[in-house]
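Observations on chain architecture
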Amino acid sequence: MSTLSGNWREAIDDVDAALIDGYQSGFPVEERPFRQLAADLGIDETDAVERVRALKEAGIVRRFGAVLNPPVIGSSTLAAVQAPEDRFDEVAATINDYRQVNHNYARDHEWNMWFVVTAGSQERRDEILAEIEAETGCEVLNLPMLTDYYIDLEFPVVNSDRFARESLEDRTDSSATRISESATGDLSALEADLLLEIQDGFPLSATPYQDISENIGYPIEDVLEAVSRLLANGCIKRIGCIINHVVTGFDANCMVVWDVPADRLDEWGERAGGLPYVTLCYHRPRRPEQEWSYNLFTMIHGRDPEAVDEKIDELAADYLPVNHERLYSTETLKQTGARYEDLVGN
């Protein structure tokens, strides 16, 4: 199963399906983690490792390992520019050339290019934005996250759901978590070395943590303790399969921006973030001087644009009865994991 042909689901069996949907998080933090995974799936340890490897080679699993949390470790922001149509590719190339830019999407809006910048400090982050503005001649809209209500791209994909979590009925846990623009992870040397080692994924072997410990020169016991500690403090969000949602058909994603009264922001943000079909929900600042009046952002991922629009209609009618705009992504211009060399102070 080195490449996908036809329907991606035809390339996997029931065990692969259980692995994909069951291990997007919760990968054990122990010396032989695949033993537990194999026992859960009713296969042997070697087969478990090889199945993950095959799913990664097929492109269904984009990466296997830890999902790190840039706003906790460094300073991150969402930014946008209004790139002229005749210079769109040129502007995208300039922005994408920065290694601190890890995501960049074209969206159907006058602010038509949206990218994420993650740097080791707020000062460096803002320097990069100023450089992009100077190099492209495009004004930058800087929208750092101020409050996280719900952020999680973990949802089942081996199904016929039209939008994320359609087959799930339960509300998700959501609560207002403030984000500091000047955050730093305050990492130990071991933790810094560990994050750099795992930023591109875990080694695919029966003993990934042992491999990591040998690569960075710390005892396995210390590495396991550090991973558990980073999970507990939020530097690591989850460990498991990072799914390629585009390959699995969830390519109709829409960012919806809302003009929520300040005195209702937490109440309505938590309410919207708790809905099972909302994959991201967070507060970012208004920029009235740039004619940007929106302060709440939600994302809905789906396979069917009409179903996604129906859910946005439901959001607007029942949960967020305020002015909003729908910014569908039209092209992925860059998508990588955040680079942590600058963030951890090495």
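See the structure above.
First, a word on scope: everything that follows refers to the structure included in this document. Per-chain numbering applies: the sequence of each chain, read as written, is numbered from 1 onward. Where local features are concerned, this predicted model is filtered to residues with pLDDT of at least 70; where side-chain atom pairs are given and counted, the filter is 80 or more; whole-chain, interface and lining totals use all residues. As a rule here, side-chain values cover all heavy atoms of the structure and leave hydrogens and water aside.

1. A word on the overall build of the chain
Rules: Numbering of helices and strands runs from the N terminus, with a helix taken as a DSSP run of H or I at least four residues long and a strand as a DSSP run of E at least two residues long. Residue burial is assigned from relative accessible area. The probe radius is 1.4 Å, only protein chains are included, and a residue is buried under 20% of its type maximum, exposed over 50%, and partly exposed in between. Should any heavy atoms of two residues lie within 4.5 Å, those residues are counted as being in contact. Using the Shrake-Rupley algorithm and a 1.4 Å probe, accessible areas are obtained, with residue cover drawn only from the displayed protein chains.
Secondary structure summary: the chain contains eleven helices and twelve strands in total. Here the chain, with 346 residues, has 54% of them falling under the buried criterion. Put simply, 76% of the contacts in the chain that link residues at least 6 apart link residues at least 24 apart. As displayed, the chain has an accessible area near 14,700 Å², and 43% of this comes from carbon and sulfur atoms.

2. Digging into the pattern of salt bridges
As a reminder, the rule being used: Throughout this description, the term salt bridge denotes a Lys or Arg side-chain nitrogen within 4 Å of a carboxyl oxygen of Asp or Glu.
Inspection of the entire model under this criterion finds 17 salt bridges. Within this structure, D13, D16, D47 and R51 form a network of salt bridges that share partners.

3. Digging into the packing of aromatic side chains
We apply this condition: Stacked, edge-to-face and tilted labels apply to pairs of Phe, Tyr and Trp rings (six-membered ring for Trp) whose centres lie within 6.5 Å, assigned for plane angles under 30 degrees, over 60, and everything in between, in that order.
One pass over the structure, following the stated rule, counts twelve aromatic pairs. Aromatic pair W114 and W292: ring centres 5.6 Å apart, planes at 55 degrees, arrangement tilted. Of this pair, W114 sits in strand β4 (residues 113–119) while W292 sits in the loop between β10 (280–283) and β11 (296–300), and the two are 178 residues apart along the sequence. In terms of burial, W114 and W292 fall into one category: buried. Here the aromatic residues F27, F34, F64, F202 and Y209 are joined through ring pairs into a cluster of three or more.

4. Topic: the packing of helix α7 (residues 189–198) against helix α9 (residues 220–232)
This is how the line gets drawn: Under this scheme, a helix contributes an axis fitted over its contacting stretch, all axes are lines through C-alpha atoms, and angles between N-to-C directions fall in the 0 to 180 degree range. Angular relationships are summarised with four words: roughly parallel below 35 degrees, roughly antiparallel beyond 145, roughly perpendicular across 65 to 115, and oblique for the angles in between. Residue polarity follows a fixed list, in which Ala, Val, Leu, Ile, Met, Phe, Trp, Tyr, Cys and Pro are nonpolar, Asp, Glu, Lys and Arg are charged, and the others, Gly among them, are polar.
Remark: α7 packs on α9, axes separated minimally by 10 Å, with the N-to-C direction vectors making an angle of 80 degrees. With respect to their mutual orientation, α7 and α9 come out roughly perpendicular. Contact with α7, carried on its side by L190, E191, L194 and L195, involves D222, V223, A226, V227, R229 and L230 of α9 and no other residues of that element. Each residue belonging to the contact of α7 with α9 can be placed in one class, and the counts come to seven nonpolar, no polar and three charged.

5. A look at the environment of A226
Relative to the assigned elements, A226 resides in helix α9. On the basis of relative accessible area, A226 is assigned to the buried category, the value being 0%. Along the primary structure A226 and L194 are separated by 32 residues, whereas in three dimensions their C-alpha atoms are 8.2 Å apart.

6. A word on the nonpolar core
Short version of the rule: Within this scheme, the nonpolar core is defined by two criteria: the residues are buried Ala, Val, Leu, Ile, Met, Phe, Trp, Tyr or Cys, and they are joined through side-chain atoms within 4.5 Å.
Counting residues in hydrophobic clusters, the biggest one holds 47 residues, and the most contacted among them are F34, L194, I198, Y209 and I236. The set of elements that each furnish at least two residues to this core consists of α1 (14–22), α2 (33–41), α3 (45–58), β1 (61–68), α7, α8 (208–216), α9 and β8 (236–243). One finds V256, L296, I300 and L320 within the second-largest nonpolar core, a separate group that totals 25 residues.

7. Points about α3
Put simply, the rule reads: Expected span, for any helix, means 1.5 Å times one less than how many residues it has. Pairing of N or O atoms within 3.5 Å defines a polar contact, subject to two protein rules: one partner must be a possible hydrogen donor and the other a possible acceptor, and residues neighboring in sequence count only if both atoms are side-chain atoms.
The end-to-end C-alpha distance of α3 is 20 Å, a good match for the 20 Å that 14 residues give at a rise of 1.5 Å each. Burial in α3 covers these residues: E45, A48, V49, R51, V52, A54, L55 and A58. In this structure, the buried side of α3 is in contact with α1, α2 and β1. Taking the backbone nitrogen of T46 as reference, a side-chain oxygen 3.3 Å away marks D44 as the first, capping residue of α3. Where α3 ends, the next residue or the one after it, G59, has phi of about 90 degrees, a positive value.

8. Structural notes on the pairing of β1
Convention followed: Paired strands, as defined in this entry, are two strands with at least two bridges between them according to DSSP.
The element β1 is largely enclosed, with a buried count of seven among its eight residues. Two strands pair when backbone bridges link them, and β1 and β8 are joined in this way by seven bridges, in the antiparallel orientation. The residue bridging F64 from the neighbouring strand is C241, located in β8.

9. A short note on unusual backbone geometry
The residue E291 is not glycine, and still its phi comes out positive at about 60 degrees. Positionally, E291 belongs in the loop between β10 and β11. Of the residues examined, E291 reaches a relative accessible area of 73% and is grouped as exposed.

10. Here's the deal with the packing of α2 against α3
How two helices pack is summed up by the angle between their axes together with the distance between the axes. Two elements in contact, α2 and α3, have axes whose closest approach is 8 Å; the angle formed by their N-to-C orientations is 95 degrees. As summarised for this structure, α2 and α3 are arranged roughly perpendicular, according to the angle between their axes. Counted together, F34, R35, L37 and A38 of α2 and E45, A48, V49 and V52 of α3 form the full contact between these two elements.

11. Some points on helix α6 (residues 122–136)
The line we're drawing: The arc in question is formed by the directions pointing from the helix axis toward the C-beta atoms.
For α6, built from 15 residues, the straight-helix expectation of 21 Å at 1.5 Å per residue is met to within 8% by its first-to-last C-alpha distance of 21 Å. Within the span of α6, buried status applies to R125, I128, L129, I132 and T136. Looking straight down α6, one finds that the buried residues subtend no more than 95 degrees of arc, so they occupy a single side. Residues of α6 that are exposed and point more than 90 degrees away from the buried face comprise E123 and A134. Looking at the buried positions of α6, the neighbouring elements they touch are β2 (75–81), α5 (88–96), β4 and β5 (140–143). Of the residues flanking the end of α6, it is G137, one or two places downstream, whose phi is positive at about 75 degrees.

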